[in-house]
Amino acid sequence: MKISASLDCNIEQAYERFPVGKSFDLIFRDLYLGKTRAWFLGINGMCRTEVLQEIFSDLQNPTYRESPSIEDISLYLASKIGYAQAELTADWDTIVSSVLSGPSVLFVDGFAQAILLDTRTYPARSISEPETERVTMGARDGFVETMLFNTNLIRRRIRDPHLTFAVRNVGTDSRTDVAIAYIDGYVDDTLLEKIHKTLDDLHVSALTMGAKSLEELLVPKKWYHPLPSIQQTQRPDVACSYLMEGNILLLVDNSPLALILPSTIFQFTQSPEDYYKSPLVGSYSRLLRFCCVFISLLLLPAFLLLGSYFPAMADNLSLFPIEHPGCGRLLLYILFAELALDLFQYSAAHSPSSYSGALSIVGGLILSDAAIDLHWVSLEVMFYAAATMLASLALSSTAFSEGLRCYRIFLLLMTGFLGLWGFISGCILVLLSILTTPSFAGKSFFWPLYPFNREALSTLLRRKPTYMAQPGHVWKRERKK
């Protein structure tokens, strides 16, 4: 719907479209710009009042005007309003969307156009290092909930004129801003087109959980696919490295996460810490992390299998130097240890920092010792459960390690009830679940293993020196003309 040339009609429409006078955070003013009536509407707290005060002070200054009335609003905007982010609009939908996003609107009597003043400001926390992606060396900044700050953090690192941030609105009620970040010429145009079309076709009322909600909308999954399909990061340096490799980022307003498309299973085992160490140490850390995937998944199920169904082999391996529990009892021991350690991990993660350290010590020493004395668990089980938890914590992606935990509990139940055949069947089902994990736009979840790319796989498995690991060398990429 187009706005009217009558100021009274526009004010009446504004009262119908906004809870003006009912909602305390909506601010409005009747103004006179010389002899011309005007009306201002904005959201308190999202407008920089000092900037607006300077703009209106100049517009109402008699010495600033050549004529007491406004004859041409386009000329008036170009000659009298020197603020950089100001534009004209004649559409009510644009006005509603803009005001709810932070800009304010100025209606002028006699003109079927309104002036949008983008003086928005958002409450924002300070930029700090992400808790889940800490490094011993390197940058200490991380994404925040304000999308404009996040784009600035990327611009600081990539000063390429082809770096583009295209914005889409997702959600019929929330109208959440989603920025599609890519470097023109490096990106896969087919994938970029698919992302634009998918975001435009999303039918959802709101992105209630920010980037996580968008991830589930982009890649719907079955309940038997616990592994993440899209990698997330809160580090600008990691996001920029993927941009330079030709990937696409999705930045969601009000969320400190960046979604990386396309994503593969190998990306969840990487850590920025590898690149802040020497190539040899970084390669060792990366290979150790790959081993932690198999330790986290198979150590406890294999221990249960040997201890319950192959006691002679367990005795030869000294798995039970003191007492050999029965099959059912061992399964209960392992399940108790698994759930107890998960409980302590969640409690420490969600507790205030001043309590988390003490909680970990109490859970790890006092309660585990008491559980052993009460015969709720054995010392051997606690050792292997703790080793499994350490292997899970070594993985840089918490979503990936939690997916492995679901697989591990499934293998424990299959092994405990069905023995060797249950262990083998469980491994086959877990492998099928991993192989059928969906990815965005049908891209291979196992690239560069399938389709096979030897140089890219070598770069993922070991940390190469910087001069050898540039994307142009690995993928033979050149900017498309």
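These notes cover the structure that comes with them. All of these numbers come straight from a predicted model, not from anything done at the bench. (Residues numbered from 1 in each chain as written. Predicted model: local features only at pLDDT ≥ 70, side-chain atom pairs only at ≥ 80, totals over all residues. Heavy atoms only, no water.)

Some remarks on the packing of helix α5 (residues 147-157) against helix α8 (residues 236-244)
Closest axis-to-axis distance for the α5/α8 pair is 9 Å, and the angle between their directions is 65 degrees. For the pair α5 and α8, the sense of crossing is right-handed. Between α5 and α8, the residues in contact are L153, I154 and R157 and P236, D237, C240 and L243, respectively. Residues that form the contact of α5 with α8 fall into these classes: 5 nonpolar, no polar and 2 charged. (Axes fitted to C-alpha atoms, helices over the stretch in contact; angles between N-to-C directions. Helix = DSSP H or I, 4+ residues; strand = E, 2+ residues; numbered from the N terminus. Left-handed = near helix turned anticlockwise from the far one by under 90°. Contact = heavy atoms within 4.5 Å. Nonpolar A, V, L, I, M, F, W, Y, C, P; charged D, E, K, R; others polar.)

Quick word on the layout of surface pockets
Each pocket or cavity is described by its volume, and for the second largest pocket that value is around 670 Å³. Around the second largest pocket sit 20 residues that line it, and D118, R120, Y122, M147 and L148 are the ones nearest its centre. Looking at the lining of the second largest pocket, the elements that each hand over two or more residues are α4 (92-101), α5, β6 (163-170) and β7 (176-183). A per-element tally of the lining of the second largest pocket places α5 first, with 4 residues. (1 Å grid on protein atoms, 1.4 Å probe; cavity = no way out; pocket = protein on both sides within 12 Å on 5 of 7 lines; lining within 4 Å. Points joined across faces, edges and corners; volume = space filled by probe spheres on them.)

Quick word on the side chain of S439
Along the chain, S439 turns up in the loop between α14 (398-435) and α15 (454-461). S439 has contacts with V219, S444 and F445, leaving out every residue within four places of it along the chain.

Points about the nonpolar core
The biggest cluster of nonpolar side chains holds 25 residues, and the ones touching the most others in it are I180, I195, L199, L214, L218 and L250. Residue assignment for this core shows that the elements contributing at least two residues are β6, β7, α6 (189-201), α7 (211-218), β9 (248-252) and β10 (258-261). The biggest single contributor to this core is α6, with 4 residues. Excluding residues within four positions of it along the chain, L214 makes contact with V178, L199, L202, L207, L250, V252 and L259. (Core = buried A, V, L, I, M, F, W, Y, C linked by side-chain atoms within 4.5 Å. Buried < 20%, exposed > 50% of the residue type's maximum accessible area, 1.4 Å probe, protein only.)

The values are spatial; any link to function lies outside them.
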